[in-house]
Amino acid sequence: MLADFLEYDFLRNTLFTGIIIGLIAPLLGTFIVVRRLSLLADALSHVTLAGIAFGLLLEKKFALMISPLYTGIAFSVFGSILIEKLRGVYKAFQELAIPIILSGGVGLSVIFISIADGFNTDLFSYLFGSVSAVSKSDFYSIAGIAGFIIIIIVLFFKELFTLSFDEEHATISGLHTKAIHLLFIVLTALVIAISMRIVGVLLVSALMTLPVAASMRFAKGFKQMVYLSIVFGEIAVIIGLITGYYLSIPPGGTIVLVSISLLLLSIIISKQRSKATS
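Quick notes on the rules
- The residue count restarts for each chain, going from 1 along the sequence in the order it is written.
- Since the coordinates come from a predicted model, pLDDT governs what is reported: local features require at least 70, and pairs of side-chain atoms require 80 or more to be given and counted, while whole-chain, interface and lining totals use all residues.
- The basis for every side-chain value is the complete set of heavy atoms in the structure, and neither hydrogens nor water enter the calculation.
- Secondary structure elements are taken from DSSP: a helix is a run of H or I of four residues or more, a strand is a run of E of two residues or more, and numbering for both begins at the N terminus.
- Note on exposure labels: buried denotes an accessible area under 20% of the residue type's maximum, exposed denotes more than 50%, and partly exposed covers the range between, all computed with a 1.4 Å probe on protein chains only.
- Contacts: residue pairs with any heavy atoms within 4.5 Å of one another.
- In this count, Lys and Arg are taken as positive residues and Asp and Glu as negative ones, while His and the chain termini are left out.
- A single reference atom marks each charge: NZ on Lys, CZ on Arg, CG on Asp, CD on Glu.
- A helix is expected to reach a length of 1.5 Å times the quantity of its residues less one.
- Counted as a polar contact is a pair of N or O atoms within 3.5 Å, where, for protein atoms, one must be capable of donating a hydrogen and the other of accepting one, and residues adjacent in sequence contribute only when both atoms are in side chains.
- Criterion for a salt bridge: a side-chain nitrogen of Lys or Arg within 4 Å of a carboxyl oxygen of Asp or Glu.
- Buried Ala, Val, Leu, Ile, Met, Phe, Trp, Tyr and Cys residues that are joined via side-chain atoms within 4.5 Å together make up what is termed a nonpolar core.

Chemist: Hey, could you go over the overall build of the protein chain for me, with residue numbers and the actual values?
Modeler: From N to C terminus, the protein chain includes 13 helices and zero strands. Walking the protein chain from its N terminus toward its C terminus, one meets helices and strands in the order α-α-α-α-α-α-α-α-α-α-α-α-α. The dimensions of the protein chain, computed from C-alpha atoms along their principal axes, are 60 × 50 × 30 Å. A total of 278 residues make up the protein chain; the buried ones form 50% of that total. Considering only residue pairs separated by 6 or more positions, the protein chain has 78% of its internal contacts joining residues 24 or more positions apart. Averaged over its 18 positive side-chain charges, the protein chain has a centre that lies 9 Å from the centre of its 15 negative ones.

Chemist: I'd love a proper account of helix H13 (residues 251-277), names of residues and values included.
Modeler: The end-to-end C-alpha distance of H13, which contains 27 residues, comes to 39 Å, matching closely the 39 Å that a straight helix rising 1.5 Å per residue would cover. Those residues of H13 that fall on the buried side of the exposure criterion are Pro-251, Gly-252, Thr-254, Ile-255, Val-256, Val-258, Ser-259, Leu-262, Leu-263, Ser-266 and Ser-270.

Chemist: Residues and numbers for the environment of Leu-58, please.
Modeler: Note that Leu-58 resides in helix H3 (residues 38-62). Along the primary structure Leu-58 and Val-212 are separated by 154 residues, whereas in three dimensions their C-alpha atoms are 37 Å apart.

Chemist: So, the side chain of Ser-141: which residues are in play, and what are the values?
Modeler: Structurally, the position occupied by Ser-141 is in helix H7 (residues 136-155). Among the polar contacts listed, one links the side chain of Ser-141 to the side chain of Tyr-70, at a separation of 2.8 Å.

Chemist: Lay out the pattern of salt bridges with the relevant residues and their values.
Modeler: As a working rule, side chains carrying opposite charge can pair if their charged atoms are close by. A complete count under the given rule lists three salt bridges for this structure. Among the salt bridges present, the one from Arg-87 reaches Glu-84, with a minimum N-O distance of 3.5 Å. A residue pair is termed a helical-turn pair when its members lie 3 or 4 positions apart in one helix, as Arg-87 and Glu-84 do in helix H4 (residues 68-89) at three residues. The exposure class assigned to Arg-87 is buried, which follows from its relative accessible area of 13%. Residue Arg-197 is joined to Asp-138 by a salt bridge in which the shortest nitrogen-to-oxygen separation is 3.5 Å. Of this pair, Arg-197 sits in the loop between helix H10 (177-195) and helix H11 (204-215) while Asp-138 sits in helix H7, and the two are 59 residues apart along the sequence. Using a relative accessible area of 8% as the deciding quantity, one classes Asp-138 as buried.

Chemist: Before we move on, could you go through the nonpolar core and cite the residues and values that matter?
Modeler: In this structure, Ile-21, Ile-149 and Ile-194 are the most contacted members of the largest nonpolar core, which totals 85 residues. For this core, the element with the most residues is helix H2 (residues 9-34), which contributes 12 residues.

Honestly, that's just the spatial picture; any functional story needs more than this.
The following block contains the structure:
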C-alpha cells in the first residue's frame, strides 16, 4: 500500500513530511499535556488559520505570492508571544490569555476569509490537510524547522521537564522560567504551523494530545511516555495518510480517527491488564 507513496514525488514529500510531523507533534504534545495546556494548541491553531487566510488574501487580492505556510508561521509565533504577554497582565488568571487569543484568531480568520471572497480549495486543504499539497520546497522548510525544534528540545529538555512538573521549584532553582515558557510556547506555535499541510490546522491539536493520552495508559515514566507518544503518533499519521489517499478524503480526519481508535484500544488493553493482575 506504500508503493504509490514511494513511487510518486508529491506523495513521497507527503509521506516524509507526515513522518516528521508524527515525531514532533507528540514530542512537544507530551509537555503540553503534562502542563495541562491542551487548549493552547487550539488557540494557536486558530491564530495560524488567520495567518493562512491572510496569506491567501494577499495572493488573491494583491497578487503577492507569499506562501501561506510562512504567514501562518508568522501569525502563530506572534500569537504565542501575545499569550505570554497576556499571562503577565492577568497573573492571577493566566488561563484567560488562551481564550482571548483563540477568539482573536477566529475573528481575524472570518474577516480575512470574507474579504478574500470565501473558501477555496487551497484554504480547505490547510483546514483539513491534503495528501497532494506538500511541495518539495514545503518539505524542505518543514524539515528545517522540525530539525530546529528537535535541537531546542534536546538542549533544553531538563529545563522544560522541570518547568512542566513544578514551576515553583523551577523558579526557586534559578531557572529563567519566563524565558523557558516563552521558548516552549513559540515551539508549540511552530509545530502547529508546520503540521497544517498534513493534518490540517483545525485538527493538529488532536495529534499533539491523543497519542499522549494513549501513551499515558502504559508509560511508567516521562521519557517512556514521550517514546510511546511518538510511536502512536507515527502509526496514526502513516495509517491516516494511506487511508485518506485511497479513500480520496482529507488525511486530517483519518489521522484523528486512527488516533482516537488507538486511544480507545489503549484504554481497553490497560483495563484488561489491571483486571488480570488484580
